[in-house]
Structures are given as C-alpha cells and as structure tokens.
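As a plain string of letters, each chain reads:
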Amino acid sequence: TNALKGESKTRGDWGELQLEVLLEDSGLQKDVNFEMRPSYKDENGKTQFPDCIIKLPDDKNFIIDSKVSLIAYDKFVNSENDEDRIRYLKEHVDSIKSHVDNLSSKNYHSLHDINPPDYVFMFVPMESAMYVALKENTDIYRKALEKNIILVSLTTLITTMRTVSFMWKQENQKNNVLEIARQSGALYDKFVGFIDDLEGIGSSIDKAHKSYADAKNK
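The rules behind these values
- Residues numbered from 1 in each chain as written.
- Predicted model: local features only at pLDDT ≥ 70, side-chain atom pairs only at ≥ 80, totals over all residues.
- Heavy atoms only, no water.
- Buried < 20%, exposed > 50% of the residue type's maximum accessible area, 1.4 Å probe, protein only.
- Helix = DSSP H or I, 4+ residues; strand = E, 2+ residues; numbered from the N terminus.
- Arc of directions from axis to C-beta.
- Contact = heavy atoms within 4.5 Å.
- Salt bridge = Lys/Arg side-chain N within 4 Å of Asp/Glu carboxyl O.
- Core = buried A, V, L, I, M, F, W, Y, C linked by side-chain atoms within 4.5 Å.

Novice: I'm lost on helix α4 (residues 127-136) in this one. Help?
Specialist: Taken residue by residue, α4 has A129, M130, V132 and A133 as its buried positions. Looking straight down α4, one finds that the buried residues subtend no more than 165° of arc, so they occupy a single side. Exposed and facing more than 90 degrees away from the buried side of α4 are Y131 and K135. Each element contacted by the buried residues of α4 is listed here: α2 (71-78), α3 (82-105), α5 (139-146) and β7 (149-152).

Below, the structure is given as structure tokens:
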C-alpha cells in the first residue's frame, strides 16, 4: 500500500499488472490476443507506448490505458472530517479528468501499423474509486466520450474482454473448419490420383497378361 502511494511508476506498473491478469482471466493470451506496452510511431514520428493493444479478428484493434489514482482517493476514504473529504474527493475527480485530457492529447488514433481504434478504453482498476468520481461528477463519462475515451472499471472491462475472447474462439473454429475443408480436398485429390494410378496399373497388367498368353500360344 505504501509503495502504491509513492512513485507514479510503481502505481503504473501495478495497474498494468492488474490489467494483464484481467485479460488472461478473460481467456485471452498474451502476445497472441493482446500486447502489453508495445511501441508505435504516430503521424508526427513520435514513439508512443500504449499500455495495451487488444487484437480483434480481421486485423482490428483497440487500446486500453490503465489509470491508477490512489493518493487522493486514499486520503478521501480515510478522512475524518467532511471538509477534508470534500477537498480530497475534488482532487480525485480532478486527477481522473487530467488523465482523460492527457490520454486525449496522445492521439492514439494516428498510430501507424495498427488499425486505428474509434475509442480508447481508460481502465480504472478500483471499482469504488471510479464509482465515487462518477457519482460526484456525472459529466466525467460524457466529456471523456466526447474525446473518444471510454471509462471502464473491473466489471465492465472483464465483460467486454470475455466477449472478445468468445469472438476469437468463433474465429478459430471458423479457421479450423476452413483448414479441415482444405486438407480434406487435398486428401480427396490424392485418392483420385491413387485410383487413376491403380487403373493404369490394372490396364498394364491386362496388356501384360494378353502378351503372355499370345507368346505362350506361339
């Protein structure tokens, strides 16, 4: 807990770990269905490092960014008087707003080498932290959506990821059926060729038998 209240990198690493565990629990495979901290160039040649890229069938993608804001929220939860609670709750809300603005400025939609996503998912690992912020300021979600950012919590994200996992299962089944059909077709062609060869051998045997009979009669 003390570590998560300290350096921002530690908080970021923890948030990414929570995200990775959630994705794997949803049935997705790392480096197959999703990548953590990949690097891409934007339209200005600047390197960007999204927290996570989710791969969808048909070469589609979307981006998840993990947001961990514990300091102001922790102070809000542990405040013993209303004045402090109001102040720390405002700091918590401002922190989420600030991250939305920062995420929007990264312009992930201009990244090369991926199919540009329509929206970026901003993941808040703590359900209660997101809940109190949205309860305090109901406009946060709408204003984030206007910037093509969707706020998601543990519950909403895992539901979405299980849907993605189901899509991949359906895609893999379809690909397996197509591969079975391809190999079955190839096997059929082999059988046809084999039968043709047998018929050729039979014809040659008949000719040899006739030649043998003719020679014997002579």
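Novice: Looking at this structure, how should I read the pattern of salt bridges?
Specialist: Pairing between side chains of opposite charge can happen when their charged atoms approach one another. Tallied over the full model, the rule gives twelve salt bridges. Here K55 makes a salt bridge to E35, at a shortest N to O gap of 3.3 Å. In this pair, K55 sits in strand β4 (residues 52-56) while E35 sits in strand β1 (residues 34-36), placing the two residues 20 residues apart along the sequence. Here K55 falls in the partly exposed class, since its relative accessible area comes to 23%. Residue classification places E35 among the partly exposed residues on the basis of a relative accessible area of 24%. A salt bridge links R87 to D84, with the shortest nitrogen-to-oxygen separation between them at 3.2 Å. Here R87 and its partner D84 are both found in helix α3, three residues apart, which amounts to about one turn of the helix. Each of E16, R37 and D51 takes part in a single network of salt bridges with overlapping partners.

Novice: Help me understand unusual backbone geometry, please; the structure alone is not making it clear to me.
Specialist: Negative phi is the rule for most residues except glycine; trans is the rule for most peptide bonds. Even without being a glycine, D31 presents a positive backbone phi close to 65°. Within the element layout of this structure, D31 appears in the loop between α1 (8-25) and β1. Residues other than glycine seldom take positive phi values, yet D58 does so here, at roughly 65°. Turning to its location among the elements, D58 is positioned in the loop between β4 and β5 (60-66).

Novice: Help me understand the nonpolar core in this model?
Specialist: One recurring pattern in soluble globular proteins is that nonpolar side chains are buried together. Counting residues in hydrophobic clusters, the biggest one holds 27 residues, and the most contacted among them are I63, M122 and L151. Counting residues per element, the ones that place at least two in this core are α2, α3, β6 (120-123), α4, α5 and β7. Ranked by residue count, the leading element in this core is α3, at six residues. Residues within four places of L151 in sequence aside, it is in contact with V100, M122, M130, L134, I140, Y141 and A144. One finds L28, F62, F123 and I150 within the second-largest nonpolar core, a separate group that totals 19 residues.

Coordinates in, geometry out; function isn't part of it.
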